[in-house]
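# A structural walkthrough
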Amino acid sequence: MLLVAIAFIFFLAIGMPIAFAIGISGVTFFLQHPELPMTMIVQLPVSQTQNFTLLAVPLFILAGNLMNASGITNRLIRLASVLTGHMRGGLGQVNVVLSTLMGGVSGSAIADASMEARILSPAMIKQGYSRGFTANCTAWTALITATIPPGVGIILYGTTGEVSIGQLFAAGIFTGLCLMVAYMVTVWVIATRRGYKPERSKASLRERAVAIKENIWALLFPILLLVGIRVGIFTPSEVGAFACVYAILVGVFAYKELTFKKLVQTLGSSVLDVGAIMFIIALSGIFGYGIPFERVPDILEAAILGLLANKFIVMFIIIVILTILGMFMDGSVVILLFTPIFLPLAVKVGWNPVHFGILFCSIITMGNMTPPVGLAMSAVCSVLDIPVSEYVREMWPWLLTTVIAIAVLVFFPNLVLALPRLLF
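What this report covers is the structure whose coordinates are included nearby. Given the structure is predicted, the values throughout are model-derived calculations rather than measurements. (Residues numbered from 1 in each chain as written. Predicted model: local features only at pLDDT ≥ 70, side-chain atom pairs only at ≥ 80, totals over all residues. Heavy atoms only, no water.)

## Points about the overall build of the protein
Filter applied, for reference: Put simply, DSSP marks the helices as runs of H or I at least four residues long and the strands as runs of E at least two long, and each gets a number from the N terminus on. We compute the radius of gyration from the C-alpha atoms alone; for a globule the expected value is 2.2 Å times N to the 0.38, where N is the number of residues. Throughout, exposure labels follow a simple rule: accessible area from a 1.4 Å probe, protein chains only, divided by the maximum for the residue type, with under 20% read as buried, over 50% as exposed, and the rest as partly exposed. By the convention used here, residues are in contact when the closest approach between their heavy atoms is within 4.5 Å. The protein chains shown are the only cover counted for residues, whose accessible areas, like all others here, come from Shrake-Rupley with a 1.4 Å probe. Counting rule for charge: Lys and Arg are taken as positive, Asp and Glu as negative, and neither His nor the chain ends is counted. A charge is said to be at NZ when it belongs to Lys, at CZ for Arg, at CG for Asp and at CD for Glu.
Looking only at helices and strands, the protein has 24 helices and zero strands in total. In terms of C-alpha radius of gyration, the protein reaches 21 Å, essentially the compact-globule figure of 22 Å for 424 residues. Seen through its principal axes, the protein has C-alpha atoms that stretch 70 × 45 × 45 Å. In the protein, which comprises 424 residues, the proportion classed as buried is 54%. Considering only intrachain contacts with a sequence separation of at least 6, the fraction spanning at least 24 residues in the protein is 80%. If you sum the accessible surface of the protein, you get close to 17800 Å²; carbon and sulfur atoms cover 70% of it. A gap of 14 Å separates the mean positions of the 23 positive and 17 negative side-chain charges of the protein.

Laid out in structure tokens, this is it:
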């Protein structure tokens, strides 16, 4: 597997698309083992996509795109403004809360960061917020979106590691709310020091009630997902199909904004999104075959446990490795390739697989917000035409806040697991 890893890093370094880098480097493993039939190179990508649970991934991507096309995003912006626009750093607080609300709609940190960079960030800069603060607020708060169900990364982890997706969804709710509070405090502290003013006066109870009523269908969505899985009405894959039907019904009958033209456009964009991620998933079957064949998890486990057995030190080592990987690789790829390696080790030293999964996905997603290759960072800086150096200068309070929040999640597992235990 060492040659495979070297080939993979080389292909990434020369700029090869990541799906091809995964597939071609995986082929080198079979070239080292002529006793294995070469037909497996064709069979593995096909069998990798035959996992029924993986059907949840394209369905939730389609559902998120349908809900965005249904006019939900603009209503969520109004709701976030009504709830937090009166606070110090008003538009920054709106940015944080909007990412939390979008978690139940898009499930993708990069999609959320790109959307808010286009819709909300120009208004923040116009109101006097520095460009570096605006970019960091938009990028880092997208981490919340990836943890609130239905996060695509969480579905991939649950499928790859055979961990209950329903319990992961439940654990993600607390994690997302914890990050929301942490980032709201960060916005308040920075806004107080710099004199960033509220966006609006405090909304009346009537205004808040009207805004919540407008968004009731979007707010109900993650709750219905959890209840449907818990009661046994849906499997995780079936709940994805329900999510698509739900989004169409809301767009056509409740908000009356999902026209046939919009539906066709949404299906087209969803095909591109699904095709990209499923191609990576398929080719990861070639790459991933050698991991158990060469007993990589056992070797890694023996190496680390031979030096230490403290669960927190092991977790610290895993966090450092995942942070570095997340800085250079797409989060979906890291989840697919490294869940089979790190999950058995974490369970062996005493970590709950649900708790570990939330940490695993959050830390990997954090790499999207940091240089040198952070995809959310790059998307936001590109949309706002901001140099990465300006982004990095104002990144440190956000990075510190995230590290503190993750430390809380690491050392207080009962907080993360309280809702999964209560529901499941």
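## Section: the nonpolar core
Quick note on the threshold: Residues grouped as a nonpolar core are buried Ala, Val, Leu, Ile, Met, Phe, Trp, Tyr and Cys residues, joined through side-chain atoms within 4.5 Å.
Counting residues in hydrophobic clusters, the biggest one holds 146 residues, and the most contacted among them are Phe356 and Phe360. With 14 residues, helix H12 (residues 165-194) is the single largest residue contributor to this core. Non-local contacts of Phe360, meaning those with residues more than four positions away in its chain, are made with Tyr157, Leu322, Val334, Ile335, Phe338, Thr339 and Phe342.

## Focus: unusual backbone geometry
One can expect most non-glycine residues to show negative phi and most peptide bonds to be in trans. Positive phi is not limited to glycine here, since Lys256 has a value of about 55 degrees. Position of Lys256 among the secondary structure elements: in the loop between helix H15 (236-254) and helix H16 (260-293). Looking at Lys256, the relative accessible area reads 64%, which means it is exposed. At Asp385, a position not held by glycine, the phi torsion is positive, near 55 degrees. Turning to its location among the elements, Asp385 is positioned in the loop between helix H21 (375-384) and helix H22 (388-393).

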